[in-house]
Amino acid sequence: MTSRFQAYFFATGVGSAAIALSWISSAPSSCFLLAVVICSLYGGTECGIFSVVLSIVSFDYLFLSPQAPLTEHSSYPRVAAFIATAVSINLIIAAKQRGDRVRSEVEEQHRVITETSLDGVLSIGHQGEILLVNPSATEIFGCSGAEMIGKPIVRFVPRFRGDNAASVSEMTGLHRNGTEFVAEVTFGRVIGSSKSAAVIFVRDITERKRAENALRLSESYLAAAQRMSRTGSFGWHVSSGDIVWSAETFRIAGVDPNITPTLELIQERIHPEDRAAVRETMETSSRQGADLDFEHRFLLSDGSVKFVHVLGKAVHDEMGDLQYIGAAMDVTASKLAQESLQRFEEKLTQASQLATLSEASASIAHEINQPLTAIIANAHMCAESLSADSVDVANTRELVQEILDCSYHASEVVQRMRTLFKGGDFKKVPLDINDIAKEVRNLIRSEARKRKIGVEIDLEPELPEAWGDRVQIAQVLVNLCINGFDAMDLVMDGPRKLYVRTKVHDHVTIRVEVQDNGVGLHDPDRIFEAFYTTKANGMGMGLPICRSIIELHNGRLWPQRNEGSGTTFCFTIPALNSTMSAS
């Protein structure tokens, strides 16, 4: 009933009907008990109680004999039996209604759970036929409920057996179109049911299995990559001290993978000479929240040593706790290779020193050879002049002066070489290139006269000064001029002349040209290689030394073919003003 008044009104109406029926049937007890049953079933607990009270009063007042009022003991049993029966009926019906309500609520909950569950739920009969399916089951198998109900379960789960012992197992399910999927099947028996023998829950885990396989494959690739690169990974939760290592990190540290890594274990594995430094680095970095980047050594149980480079990125989790995610790289091979390379470099340095000494010896011999040759030639000419009947004193004096100049030049060359091997710098001063060209002409004049070669100089007036070593620049010019003489030794017909020119080049450099009309260059790409020569008595050191000297003066030396015969060697050096500006 919707209200208490309606319940009382309903009980009163049913009681009145019971009174009327009692007069007609002369069976008041049965009629009133029937009224209690009706009110208890359809009126609720309060209506049933009111009906009990109303029936007792009506039964006593209307149907007990006046000769046996309620005060008489003879009416007690009859009244008591009626009261007990009426109350019992009301209580039994109320208890049943409560049980029905509870069962209905439970059934509704089960229905909602079944209908909204993401897993497919199937009720199976004793013959393996499907009795009931939920919407998720129809969606998983791709069939409607009508298409599934009555069909054997093996039509959809071929490997299913009613006697499966495992409560949860992986099986192959079949969609409506026959395609297979991986199913996780949960099996539960129903006890005491005449229709349903079991309930199974089916979950499509195809995507999960695919993701698991992809993850497993990725982990295998990662493990293989870590093994090949000798790089392990780690995680360190600073506040809790929890440490996670990959398999490769265990291998690098020489620790059993079944052992849980701890800071104490790590300190124990670290080389005793590195422990203090590693502890200080880790404490400082974790205190400041800084990244990790350091190297140390692991001392393994067999006595071997591994060099490890540790990199760690500091991150904070959702709770704000500091964690490190990093890598430990086994750099033992590179360390050993570096040490081997260092030893090799030491040996190579010793060999290079020996080679440099050999090359230096050849360089000194080549540099001294030219002034000594000039000294010998001038000395012979001086001796011939003194042996003549009439001595040309002026010519003899000039020859002696040239001998002295060549001797001074040879001495300066030796001094410059000594300075070079001691590690000192050349003596750089402002230079007048035109004066050096004139000086070189005087030095080679006797050699040119001896070889019957003419020397002409074309000097640009007001040429800016250069910055460099006077002896070295003069030596380059002498070397290029002597090379020009040698190139013209084989020229028998035609003019044999050597031209020396100076000019301004690109406004900031000075250009010097030495041109001959000799036989030209046979292999211009190799002329600057050390010990390469086309001369019978050559050493192959002149042009490499010349190029080194010019490059030390921030200049450039190169050959170029003449339009006719011969070759022109050119070199440039910066003018003094541009050099000072750059400095």
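This structure is a prediction, so every number in the text was calculated from the model and none was measured.

A. Quick look at the packing of helix α14 (residues 470-488) against helix α15 (residues 542-552). Following both chains from N to C, one finds α14 and α15 inclined at 145°, their axes separated by 10 Å at the closest point. Relative to α15, α14 is oriented so that their crossing is left-handed. On α15, the residues that touch Gln-472, Ile-473, Val-476, Asn-479, Leu-480 and Asn-483 of α14 are Gly-542, Leu-543, Cys-546, Ile-549 and Ile-550. Looking at the contact of α14 with α15 residue by residue, the classes come out as seven nonpolar, four polar and no charged.

B. View of a nonpolar patch on the surface. On the surface, a cluster of nonpolar side chains totalling about 250 Å² of accessible area is made up of Ile-49, Val-53 and Val-57. Position of Val-57 among the secondary structure elements: in helix α3 (residues 45-63).

C. Main features of the state of the cysteines. Summed over all chains, the structure comprises zero disulfides. Distance from the sulfur of Cys-39, which forms no disulfide, to the nearest cysteine sulfur (Cys-47) is 4.1 Å.

D. Structural context of helix α1 (residues 4-25). Taking 1.5 Å as the rise per residue, α1 with 22 residues should run 32 Å; its terminal C-alpha atoms sit 31 Å apart, in good agreement. Of all the positions in α1, only Ala-7, Ala-11, Val-14, Gly-15, Ala-18 and Ser-22 are classed as buried. On an axial view of α1, the arc spanned by its buried residues comes to 105°, and they lie on one face. Away from its buried face by more than 90 degrees, α1 exposes Phe-5, Phe-9, Trp-23 and Ile-24. Just downstream of α1 lies Ser-26, where phi reads positive at about 55°.

E. Just the nonpolar core, in detail. Counting 42 residues, the largest nonpolar core has Ile-433, Leu-477 and Phe-571 as the members making the most contacts within it. Elements represented by at least two residues in this core include exactly α11 (332-387), α12 (393-421), α13 (433-451), α14, β14 (497-505), β15 (509-516), α15 and β17 (567-574). The biggest single contributor to this core is α14, with 10 residues. Among residues more than four places away in sequence, those in contact with Ile-433 are Leu-463, Ala-466, Ile-473, Thr-502, Ile-510, Val-512 and Ile-573. Formed by 23 residues, the second largest nonpolar core is a distinct cluster that contains Ala-253, Val-255, Leu-322 and Ala-328.

F. The sheet that holds strand β12 (residues 454-459), seen in detail. In space, the five strands of this open sheet follow the order β12-β14-β15-β17-β16, with mixed pairing throughout. Strands at the two margins of the open sheet, each flanked by one partner only, are β12 and β16 (556-561). Across the sheet, the mean angle separating the axes of adjacent strands is 15° when strand polarity is ignored. Judged from the six bridges that link them, β12 and β14 form a sheet pairing that is parallel. The partner of Leu-459 across the bridge, within β14, is Thr-502.

G. Seen up close, the packing of α13 against α14. Where α13 meets α14, the closest approach of the two axes is 9 Å, and the angle between their N-to-C directions is 35°. Once α13 is placed against α14, the crossing between them reads as right-handed. Listed contacts from α14 to Ile-433, Asp-435, Ile-436, Ala-437, Glu-439, Val-440, Leu-443, Ile-444, Glu-447, Ala-448 and Arg-451 of α13 are Arg-470, Ile-473, Ala-474, Leu-477, Val-478, Cys-481, Ile-482, Phe-485 and Asp-486. Here the residues of the contact of α13 with α14 are counted per class, giving 14 nonpolar, no polar and six charged.

H. Broad picture of the packing of aromatic side chains. In this structure the tally under the stated criterion is five aromatic pairs. Look at Phe-160 and Phe-187: their rings are 5.5 Å apart centre to centre, the planes differ by 55°, and that puts the pair in the tilted class. With a gap of 27 residues between them, Phe-160 in the loop between α6 (145-148) and β3 (168-174) and Phe-187 in strand β4 (residues 180-189) connect regions that are remote in the sequence. Here Arg-155 stacks its cationic end above the ring of Phe-156, 5.0 Å away from the centre of that ring.

So, how was this worked out
Residues numbered from 1 in each chain as written. Predicted model: local features only at pLDDT ≥ 70, side-chain atom pairs only at ≥ 80, totals over all residues. Heavy atoms only, no water. Axes fitted to C-alpha atoms, helices over the stretch in contact; angles between N-to-C directions. Helix = DSSP H or I, 4+ residues; strand = E, 2+ residues; numbered from the N terminus. Left-handed = near helix turned anticlockwise from the far one by under 90°. Contact = heavy atoms within 4.5 Å. Nonpolar A, V, L, I, M, F, W, Y, C, P; charged D, E, K, R; others polar. Patch = residues over 30% accessible without salt bridge, like charges linked within 9 Å, V, L, I, M, F, W, Y side chains within 5 Å. Areas by Shrake-Rupley, 256 points an atom, 1.4 Å probe, with all protein chains shown as cover. Salt bridge = Lys/Arg side-chain N within 4 Å of Asp/Glu carboxyl O. Disulfide = S-S within 2.5 Å. Expected span 1.5 Å × (residues − 1). Buried < 20%, exposed > 50% of the residue type's maximum accessible area, 1.4 Å probe, protein only. Arc of directions from axis to C-beta. Core = buried A, V, L, I, M, F, W, Y, C linked by side-chain atoms within 4.5 Å. Pairing = 2+ DSSP bridges. Phe/Tyr/Trp six-rings, centres within 6.5 Å; stacked < 30°, edge-to-face > 60°. Lys NZ or Arg CZ within 6 Å of the ring centre and 35° of its normal.

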